[in-house]
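Spelled out from the first residue to the last, the chains are:
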2 protein chains.
Amino acid sequence: LSLSLSLLPGCYEEYSSSSSSTSRAAGMNGNGPSKLVDPLEDPVPGLGTYEDFNTIDWVREKSKDRDRHREITKKSRQSTVALLHSVSDAFSGWLLMLLVGLMSGALAGGIDIAAHWLTDMKDGVCLIGFWFNHEHCCWTSNETTFQERDRCPQWQSWGELITGTSEGAFAYVVNYLMYILWALLFSFLAVILVRAFAPYACGSGIPEIKTILSGFIIRGYLGKWTLIIKTITLVLAVSSGLSLGKEGPLVHVACCCANILCHLFTKYRKNEAKRREVGVEADVRLVLFYVEFHAPWHLVELAPFILLGIFGGLWGALFIRANIAWCKIRKSTRLGHYPVIEVLVVAALTALVAYPNSYTRMSGAELISELFNDCSLLDSSQLCGYKQVHLADRPAGEGLYTALWQLALALVFKMMITVITFGMKVPSGLFIPSMAVGAIAGRLLGVGMEQLAYYNHDSFIFKGWCSPGADCITPGLYAMVGAAACLGGVTRMTVSLVVIMFELTGGLEYIVPLMAATMTSKWVADAFGREGIYEAHIRLNGYPFLEPKEEFDHSSLAVDVMRPRRSDPALAVLTQDGMTVGEVEALVESTHYSGFPVVVSPESQRLVGFVLRRDLLISIDNARKRQEGVVSASTVVFTEHALAQAADAPPPLRLRGIMDLSPFTVTDHTPMDITVDIFRKLGLRQCLVTHNGRLLGIITKKDILKHMAQIANRDPDSILFN
Amino acid sequence: LSLSLSLLPGCYEEYSSSSSSTSRAAGMNGNGPSKLVDPLEDPVPGLGTYEDFNTIDWVREKSKDRDRHREITKKSRQSTVALLHSVSDAFSGWLLMLLVGLMSGALAGGIDIAAHWLTDMKDGVCLIGFWFNHEHCCWTSNETTFQERDRCPQWQSWGELITGTSEGAFAYVVNYLMYILWALLFSFLAVILVRAFAPYACGSGIPEIKTILSGFIIRGYLGKWTLIIKTITLVLAVSSGLSLGKEGPLVHVACCCANILCHLFTKYRKNEAKRREVGVEADVRLVLFYVEFHAPWHLVELAPFILLGIFGGLWGALFIRANIAWCKIRKSTRLGHYPVIEVLVVAALTALVAYPNSYTRMSGAELISELFNDCSLLDSSQLCGYKQVHLADRPAGEGLYTALWQLALALVFKMMITVITFGMKVPSGLFIPSMAVGAIAGRLLGVGMEQLAYYNHDSFIFKGWCSPGADCITPGLYAMVGAAACLGGVTRMTVSLVVIMFELTGGLEYIVPLMAATMTSKWVADAFGREGIYEAHIRLNGYPFLEPKEEFDHSSLAVDVMRPRRSDPALAVLTQDGMTVGEVEALVESTHYSGFPVVVSPESQRLVGFVLRRDLLISIDNARKRQEGVVSASTVVFTEHALAQAADAPPPLRLRGIMDLSPFTVTDHTPMDITVDIFRKLGLRQCLVTHNGRLLGIITKKDILKHMAQIANRDPDSILFN
């Protein structure tokens with residue numbers, strides 16, 4: 001369940017940036033003894049917080065949270081109010097989860113209804129009230145039969161409304177034009193709103209959320225403006241008919257909800273494992289399609305299923321390459337300067353090409369539903385245009401041949417347009433478009449197999465299990481298998497996750513076809529590169545994200561990656577006593593490092609602790625303003641007890657309280673694969689390197705990512721953030 | 001999916017103990033430079049392996065695996081044979097997984113068939129062939145109607161066979177006695193086989209597997225004898241009618257299969273994440289019950305569902321306490337010396353009490369199936385003994401009242417007998433018995449609600465949704481909810497896992513009832529203690545297992561936990577040069593530590609590396625035998641270059657190759673919660689403690705577990721292994 005787990009809404013960003021100030025300021029740096037000597041009794045604003053686009057220190061944050069929890073538990077034994085506080089603290093987690101579920105569920109429902117209404121508006125209008133969508137409009141009509149339930153006099157297409165008749169070329173042209181106009185209007189509104197109010201609302205948001213959950217700060221990415229604008233523009237983008245889905249953006253919306261609701265529980269900081277436990281998995285699951293097949297599958301069919309897997313893998317690898325190439329073009333050429341025009345052109349192109357073909361005109365979700373469906377006798381869909389001699393005998397008829405042609409064209413169109421759509425400055429998901437591609441390919445292959453079996457039922461392949469009259473091949477199942485293969489190829493979610501997502505639509509008996517196709521798809525796609533689309537976008541944007549599955553297959557050691565390199569000047573360190581405020585300030589000003597190790601003495605290089613640049617600057621600044629006698633000549637002291645000094649010297653500035661007394665260290669001989677593992681599993685930001693007990697250098701997450709880029713022959717400067 | 005993930009078959013044990021010798025002996029200690037100075041060119045047998053009942057060093061093992069992989073990849077560029085080797089290496093993982101799935105699936109099927117046959121043998125025999133079970137026996141009969149398909153002349157109960165009639169008290173008594181005799185025979189065989197051939201085959205095996213997967217060595221626990229004996233005795237134990245299930249032991253069987261099949265792929269050592277990916281989840285799922293309900297549930301029903309959750313939680317907490325107390329009695333009194341007699345007494349007691357009551361006489365799985373089932377018109381089961389005026393109106397009739405009484409008695413009996421059954425020296429699982437308890441309670445409550453609604457359909461509670469004639473309350477659903485609640489209460493699996501397991505039997509519409517009941521159950525049970533039954537047994541047995549979810553809520557620091565304590569003698573360390581072979585041997589002999597830090601000099605205490613006792617002894621032993629001139633006066637050198645020494649001195653013994661050059665260190669100020677996190681996430685065995693760059697002490701996994709036991713006011717000496 002790695003996707004639903006890793007994508008679950010969390011409030012890590014705000015959690016880390018807002019919560020830390022209180023607990024850190026309370027002198028609880030995770031280090032008991034430091035409390036005793038902490039001179040900063042009042043909370044210093046900003047101490048212990050992070051800058052934007054920076055990586056948090058995961059272990060520290062968790063440790064602070066536990067300190068807070070201990071404090072509450074301790075107090076709860078003292079008074080009833082504190083006890084109540086402790087109980088509400090324990091239960092706020094569950095309440096938060098419930099609220100997040102309700103809020104994101106309500107938003108998802110609202111988005112669905114609104115998108116449905118706007119999509120229908122491209123076709124026509126309801127005369128009894130413009131706020132009805134096509135289906136609702138006809139519910140009120142008594143004149144419709146079950147068969148024609150989507151046709152009623154109350155609903156008029158734009159052509160009908162303007163020309164007075166629903167027949168004829170003129171009405172068709174009017175419909176066509178109105179369709180394009182609405183598509184342009186919706187997409188224009190979507191891109192303009194995103195640009196004007198919330199630039200973070202574009203895209204699917206999943207690469208960024210993965211990075212944020214791994215401990216990166218992007219302020220406002222999960223904020224209220226992003227939530228509001230993403231919700232509105234998602235409706236518009238989906239309605240405009242662009243080749244995009246709403247599932248990825250819905251995860252972003254749910255994460256925004258979680259983050260915003262966290263503000264209601266400033267005291268809520270239970271560990272993240274609990275939050276993930278109950279989870280909003282339902283959110284992810286609700287997007288599924290409900291189908292039931294009744295025919296069993298035969299071992300021979302594994303061959304076409306594996307073929308679909310190969311198709312899915314090839315398409316996944318190709319899509320990722322093409323999409324990343326296109327995004328690079330957008331970044332590097334003038335195209336990137338005209339996002340509004342880009343969206344309008346793509347929307348117009350999509351509408352222009354999509355309208356004449358009924359399979360591209362319908363929404364992606366409708367298309368998939370139709371492709372998954374099995375044909376029953378009553379089915380009037382073109383896809384079921386068989387010469388129906390007998391229920392189970394299915395020679396293809398005229399209607400089906402037309403449908404196959406249209407589907408083939410739709411496949412080519414979808415494959416091309418999705419490449420240029422994903423990455424535009426509107427909210428856009430990938431699940432539906434990639435599943436649609438797979439479903440079309442699967443359905444085509446399924447019908448092909450069906451006809452092959454019908455005309456060759458005596459051949460050795462089909463003999464025995466697919467005799468005439470037997471309902472042996474289910475094209476809808478092929479569509480489902482194809483959709484799973486393509487989804488797996490593009491996203492590289494784990495095989496079991498893809499299978500779980502689809503299993504719900506079928507049942508246990510289809511686990512083998514799904515498994516075979518998704519495993520093949522993963523193998524094939526991995527052969528062209530191990531990154532899924534989200535990881536590729538993370539790298540494209542230079543986010544500091546250590547891919548958990550990526551193997552580090554190089555035999556370098558920590559000493560090869562750490563800074564300073566052999567030719568560089570020595571590491572900038574502070575000494576635990578003996579430096580003056582002026583010297584410390586000069587050292588900090590002359591470098592751009594975000595933290596400094598503290599050593600016993602420059603000669604011994606024995607490590608005492610680690611101080612963050614931001615904390616250091618804020619503390620000195622604060623001391624200069626508030627503490628008397630702190631001047632540039634005052635000594636800075638990181639030890640527990642200050643050394644005796646001359647009577648006329650200014651009082652020392654004691655900063656042990658802001659020092660991290662337990663910095664992580666590895667030896668210079670530690671293989672980098674172990675170091676990378678430590679960074680990944682513990683969520684570190686930096687790690688100090690020692691040799692025989694002496695401090696030698698420092699490795700940050702950015703250093704590791706740069707090193708990995710270098711090994712893979714990529715530009716190490718593509719890693720932008722720290 | 002934490003359970004199915006954490007319980008997936010892996011070959012960690014053998015992997016760690018058999019694979020390491022090759023890679024370590026190849027001089028690839030994960031430390032590039034050490035290769036250059038490694039004097040041991042031939043593999044030394046035993047070097048790099050572990051003793052039984054010891055914890056492995058996870059990080060090192062993984063690192064060695066990566067070294068091996070790199071080696072193969074490098075070689076594959078040189079020759080075609082090596083390339084083929086590399087490809088087969090990559091694919092062996094998938095093949096292994098497939099084989100494990102097939103083998104454990106086949107065994108599970110075989111166990112099922114055999115247990116079915118033996119269970120029926122307790123009742124009677126098939127005259128046309130004793131190898132038919134009851135159902136198969138009657139398949140061949142033409143005389144049976146659909147209604148009486150389980151009665152046919154070919155199948156004769158023992159009473160009928162002996163007395164000549166199936167009626168009358170005498171036949172009943174004969175049946176009763178035969179039932180008890182067979183139960184005694186089966187249970188006797190089971191316990192004797194376990195004791196004689198494979199003591200590790202008893203119990204569910206899940207506590208041990210959890211510990212092994214976390215990096216502990218129990219030789220033979222996943223071996224072929226355990227597999228064979230566990231398979232046979234599981235059939236016998238299930239057939240004997242004891243209150244136990246076969247799902248837990250099946251997981252153990254699957255793990256044995258995986259471990260044994262790993263021997264076929266000595267070259268197979270891809271990382272464990274891949275192995276878990278595709279998984280044998282199907283194995284775990286196949287145990288489920290297939291039910292379909294059609295009636296929706298109403299919000300009011302959440303109240304009884306939550307009630308079931310409370311029951312499940314209370315039962316879970318109570319069961320764990322009672323079972324652990326009973327196991328402690330078994331361990332500490334003379335009861336433990338007579339496991340065979342214990343099993344026979346419990347089996348006789350179970351058979352004696354179970355036979356007269358049809359709900360206890362049937363197997364646990366049958367019972368659950370029956371309780372989950374909804375009543376249809378044709379159903380002849382006693383549970384459906386309604387006065388059937390109308391299909392949906394269901395006033396309880398005579399039959400149902402009898403059934404309710406029997407169920408209530410069965411509930412009390414099951415609750416008591418399961419407590420003393422789990423932990424006996426036969427293979428025994430807990431899923432089925434705990435689900436059975438919940439299902440009975442749920443069914444009772446469900447029928448109660450149904451009757452309440454029938455007789456009070458005008459009250460404000462039922463009005464509107466449960467009017468006469470409406471099929472509003474489904475007792476089978478209550479049984480399912482109850483089963484989930486009890487399973488969750490006993491095992492404390494994550495809520496989402498329990499829901500997923502049950503969801504498959506119902507559908508998405510029942511996710512809320514299941515969620516409500518399992519969440520309540522978890523809360524209630526956690527209030528009495530946070531351990532599930534498996535964790536409780538792990539602790540009872542003193543295994544070194546760091547519970548991943550358990551919060552470490554104490555503010556101690558690394559310095560408080562490390563050894564030596566303040567009053568102890570100083571830490572036993574080796575110096576990197578200057579010690580003789582004799583001195584090293586004396587130091588090793590005088591202590592029982594499993595490893596020794598190497599420092600620059602006793603004065604500086606600057607850490608260089610870490611050497612394992614076993615490796616040290618084997619190397620010295622080997623050098624004395626094979627290397628010329630190594631005597632007690634030879635110096636032991638851990639540096640890269642030996643110091644110049646007198647010309648007549650014996651040549652130095654260079655042991656840098658066996659030294660771990662990158663031992664993990666934390667500072668003395670590191671809070672223990674962070675240290676515990678590091679141990680958990682990285683799978684460490686030990687960690688060195690430093691202060692300002694000087695070595696201060698060492699913390700092992702055992703020290704941590706002892707410390708945690710002390711904090712929780714438990715006996716720290718209950719932690720037995722290292």
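Residues numbered from 1 in each chain as written. Chains lettered and ligands numbered in written order. Predicted model: local features only at pLDDT ≥ 70, side-chain atom pairs only at ≥ 80, totals over all residues. Heavy atoms only, no water.

Quick word on the overall build of chain A
Point 1. Secondary structure summary: chain A contains 28 helices and 11 strands in total.
Point 2. In chain A, which comprises 722 residues, the proportion classed as buried is 58%.
Point 3. For chain A, the exposed surface amounts to about 29,600 Å²; the carbon and sulfur share of it is 63%. (Helix = DSSP H or I, 4+ residues; strand = E, 2+ residues; numbered from the N terminus. Buried < 20%, exposed > 50% of the residue type's maximum accessible area, 1.4 Å probe, protein only. Areas by Shrake-Rupley, 256 points an atom, 1.4 Å probe, with all protein chains shown as cover.)

A word on the sheet that holds strand 7 (residues 635-637) of chain A
Residue and element names in this part refer to chain A.
Point 1. Across the sheet, which stays open at both edges, the 3 strands sit in the order 4-7-8 with mixed pairing between neighbours. Of all strands in the sheet, those bounded by a partner on one side alone are strand 4 (579-580) and strand 8 (653-654).
Point 2. One ladder, built from 2 bridges, connects strand 7 with strand 8; its direction is parallel. In the strand pairing of strand 8, V637 is matched with R654. (Pairing = 2+ DSSP bridges.)

Overview of a nonpolar patch on the surface
Point 1. On the surface, a nonpolar cluster with roughly 420 Å² of combined accessible area is contributed by I306(A), L307(A), I310(A), L314(A) and F528(A).
Point 2. Residue position: F528(A) is located in the loop between helix 22 (511-527) and helix 23 (533-540). (Patch = residues over 30% accessible without salt bridge, like charges linked within 9 Å, V, L, I, M, F, W, Y side chains within 5 Å. Salt bridge = Lys/Arg side-chain N within 4 Å of Asp/Glu carboxyl O.)

Looking at the UniProt feature "transmembrane region" (unreviewed entry) in chain A
Point 1. UniProt marks residues 94-118, 176-201, 303-324, 336-355, 403-423, 430-449 and 477-502 of chain A with the feature "transmembrane region" (unreviewed entry), using the numbering shown here.
Point 2. For residues 430-449 of chain A, the end-to-end C-alpha separation is 28 Å, with 95% helix and 0% strand making up the annotated structure. (UniProt positions renumbered as here; feature names shortened; annotations may be inferred.)

A word on the state of the cysteines
Point 1. Tallied over the full model, the rule gives 2 disulfides over all chains.
Point 2. Note that C126(A) is cross-linked by a disulfide to C137(A), the S-S spacing being 2.0 Å. Between C126(A) and C137(A) the sulfur-sulfur dihedral comes to about 85°; the bridge is accordingly right-handed. Of this pair, C126(A) sits in strand 1 (residues 124-126) while C137(A) sits in helix 6 (residues 134-139); the two residues are 11 residues apart in sequence, bridging distant segments of the chain. We note that C126(A), like C137(A), is buried.
Point 3. Free cysteine C256(A): the closest other cysteine sulfur is in C257(A), separated by 7.0 Å.
Point 4. Cysteine C255(B) shares no disulfide, and the gap to the nearest cysteine sulfur, in C256(B), comes to 7.2 Å. (Disulfide = S-S within 2.5 Å.)

Details of the pairing of strand 11 (residues 694-700) of chain A
Residue and element names in this part refer to chain A.
Point 1. Most of strand 11 is tucked away: 5 of the 7 residues are buried.
Point 2. Two elements, strand 10 (residues 686-691) and strand 11, share 6 bridges in a ladder whose sense is antiparallel. Residue pairing for strand 11: Q686 is matched across the bridge by T700.
Point 3. Where strand 10 folds back onto strand 11 in an antiparallel hairpin, the turn is made up of 2 residues, including N692, whose phi is positive at roughly 45°.

A closer look at the packing of helix 9 (residues 206-213) of chain A against helix 23 of chain A
Packed helix pairs are specified by the crossing angle of their axes together with the interaxial distance, meaning the distance between the axes.
All names here are of chain A.
Point 1. With their axes 8 Å apart at the nearest point, helix 9 and helix 23 run at an angle of 75° to one another. Compared by their axis directions, helix 9 and helix 23 come out roughly perpendicular. Judged by residue contacts, I206, P207, K210 and T211 of helix 9 engage Y534, E535, H537 and I538 from helix 23.
Point 2. Here the contact of helix 9 with helix 23 is composed, by residue class, of 4 nonpolar, 2 polar and 2 charged. (Axes fitted to C-alpha atoms, helices over the stretch in contact; angles between N-to-C directions. Parallel < 35°, antiparallel > 145°, perpendicular 65-115°, else oblique. Contact = heavy atoms within 4.5 Å. Nonpolar A, V, L, I, M, F, W, Y, C, P; charged D, E, K, R; others polar.)

Quick word on the sheet that holds strand 5 (residues 595-599) of chain B
All names here are of chain B.
Point 1. Pairing in this open sheet of 3 strands is mixed, and the strands run 3-5-6 from one edge to the other. Looking along the sheet, the strands with just one partner apiece sit at the ends: strand 3 (574-575) and strand 6 (607-612).
Point 2. Contacts from helix 26 (residues 613-626) reach strand 3, strand 5 and strand 6 within the one sheet, and its direction differs from that of strand 6 by about 75°.

Overview of the environment of G438(A)
Point 1. Position of G438(A) relative to the elements: it lies in helix 19 (residues 431-455).
Point 2. If we skip the residues at most four places from it in the chain, G438(A) touches A479(A), G482(A), A483(A) and C486(A).

Some thoughts on the environment of Q451(B)
Point 1. You can see Q451(B) is positioned in helix 19 (residues 431-455).
Point 2. Given a relative accessible area of 12%, Q451(B) falls into the buried group.

Some details on the environment of I432(A)
Residue and element names in this part refer to chain A.
Point 1. Topologically, I432 is positioned in helix 19.
Point 2. Taking the relative accessible area as the measure of exposure, I432 reaches 9% and is therefore buried.
Point 3. In sequence terms I432 and L487 are 55 residues apart; their C-alpha atoms lie 8.6 Å from each other.

A few points about the nonpolar core
Point 1. Residues F319(A), Y359(A), L371(A), I473(A) and I533(A) are the most contacted members of the largest nonpolar core, which totals 64 residues.
Point 2. Those elements that place two or more of their residues in this core are helix 14 (302-332), helix 17 (364-372), helix 18 (398-421), helix 19, helix 20 (475-491), helix 22 and helix 23 of chain A.
Point 3. Discounting residues that sit within four places of it in the chain, L371(A) has contacts with L383(A), L407(A), A436(A), A439(A), I440(A), R443(A), G476(A) and A479(A).
Point 4. Among the nonpolar cores identified, the runner-up in size contains 63 residues, and Y359(B), I440(B), M493(B) and A517(B) belong to it. (Core = buried A, V, L, I, M, F, W, Y, C linked by side-chain atoms within 4.5 Å.)

With respect to the side chain of N175(A)
Residues and elements named next belong to chain A.
Point 1. As for its position among the elements, N175 is in helix 8 (residues 168-197).
Point 2. The class of N175 is buried, set by a relative accessible area of 12%.
Point 3. Excluding residues within four positions of it along the chain, N175 makes contact with D123, S157, W158, G159 and Y355.

Observations concerning helix 26 of chain B
Point 1. The end-to-end C-alpha distance of helix 26 of chain B, which contains 14 residues, comes to 20 Å, matching closely the 20 Å that a straight helix rising 1.5 Å per residue would cover.
Point 2. Three or more residues of helix 26 of chain B are buried, namely R613(B), D615(B), L616(B), I618(B), S619(B), I620(B), N622(B) and A623(B). (Expected span 1.5 Å × (residues − 1).)

As for the pattern of salt bridges
It is possible for side chains of opposite charge to pair when their charged atoms get near one another.
Point 1. Scanning all chains against the criterion turns up 24 salt bridges over all chains.
Point 2. E585(A) is paired through a salt bridge with R624(A); the nearest N and O atoms lie 2.8 Å apart. Here R624(A) lies in helix 26 (residues 613-626) and E585(A) lies in helix 25 (residues 581-590), a separation of 39 residues in the sequence.
Point 3. D526(B) is the salt-bridge partner of R530(B), the closest N and O atoms lying 3.5 Å from each other.
Point 4. Salt bridges here are not isolated pairs; linked through shared partners, they connect D112(A), K246(A) and E247(A).

Details of the packing of aromatic side chains
Point 1. For the structure on display, the rule yields 30 aromatic pairs over all chains.
Point 2. Geometrically, the ring pair formed by W131(A) and F132(A) is tilted, given 5.8 Å between the ring centres and 35° between the ring planes.
Point 3. Considering the side-chain rings of Y200(B) and Y221(B), the 5.1 Å spacing of their centres and the 50° angle between planes classify their relative orientation as tilted. Within this pair, whereas Y200(B) is found in the loop between helix 8 (168-197) and helix 9 (206-213), its partner Y221(B) is found in the loop between helix 9 and helix 10 (224-239), the two being separated by 21 residues in sequence.
Point 4. Look at Y221(B) and you get buried, because its relative accessible area is 3%.
Point 5. An aromatic cluster is present here, built from W117(A), F130(A), W131(A) and F132(A) joined pairwise through their rings.
Point 6. The lysine or arginine in question, R361(A), covers the ring of Y355(A), its NZ or CZ lying 4.1 Å from the ring centre. (Phe/Tyr/Trp six-rings, centres within 6.5 Å; stacked < 30°, edge-to-face > 60°. Lys NZ or Arg CZ within 6 Å of the ring centre and 35° of its normal.)

Here's the deal with unusual backbone geometry
Point 1. Here the bond from R563(A) into P564(A) is cis, since omega is -5°, no more than 30 degrees from zero.
Point 2. Among the secondary structure elements, P564(A) is positioned in the loop between helix 24 (558-561) and strand 3 (574-575).
Point 3. Positive phi values are uncommon outside glycine, yet Q605(B) reaches one of about 55°.
Point 4. Along the chain, the position of Q605(B) falls in the loop between strand 5 and strand 6.
Point 5. For N692(B), which is not glycine, the phi dihedral falls at a positive 45°.
Point 6. Here N692(B) shows up in the loop between strand 10 (686-691) and strand 11 (694-700).

Here we look at helix 25 (residues 581-590) of chain B
Think of an α-helix as 3.6 residues a turn; residues three or four steps apart then line up on the same face.
Residue and element names in this part refer to chain B.
Point 1. By the burial criterion, the buried members of helix 25 are V581, V584, L587 and V588. Around the axis of helix 25, the buried residues are gathered within 130° of arc, so they sit on the same side. Relative to its buried face, helix 25 has exposed residues pointing more than 90 degrees away, namely E589 and S590.
Point 2. Those residues of helix 25 that are buried are in contact with strand 3, strand 4 (579-580), strand 5, helix 26, strand 7 (635-637) and strand 8 (653-654). (Arc of directions from axis to C-beta.)

Concerning the packing of helix 14 of chain A against helix 22 of chain A
All names here are of chain A.
Point 1. Put simply, helix 14 and helix 22 touch, their axes get as near as 7 Å, and they point 35° apart. Between helix 14 and helix 22 lies a crossing whose hand is right-handed. Across the interface between the two elements, L302, F305, I306, G309, I310, G312, G313, L314 and A317 of helix 14 pack against V512, P513, A516, A517, T520, S521, V524 and A525 of helix 22.
Point 2. Its residues placed into classes, the contact of helix 14 with helix 22 shows 12 nonpolar, 5 polar and no charged. (Left-handed = near helix turned anticlockwise from the far one by under 90°.)

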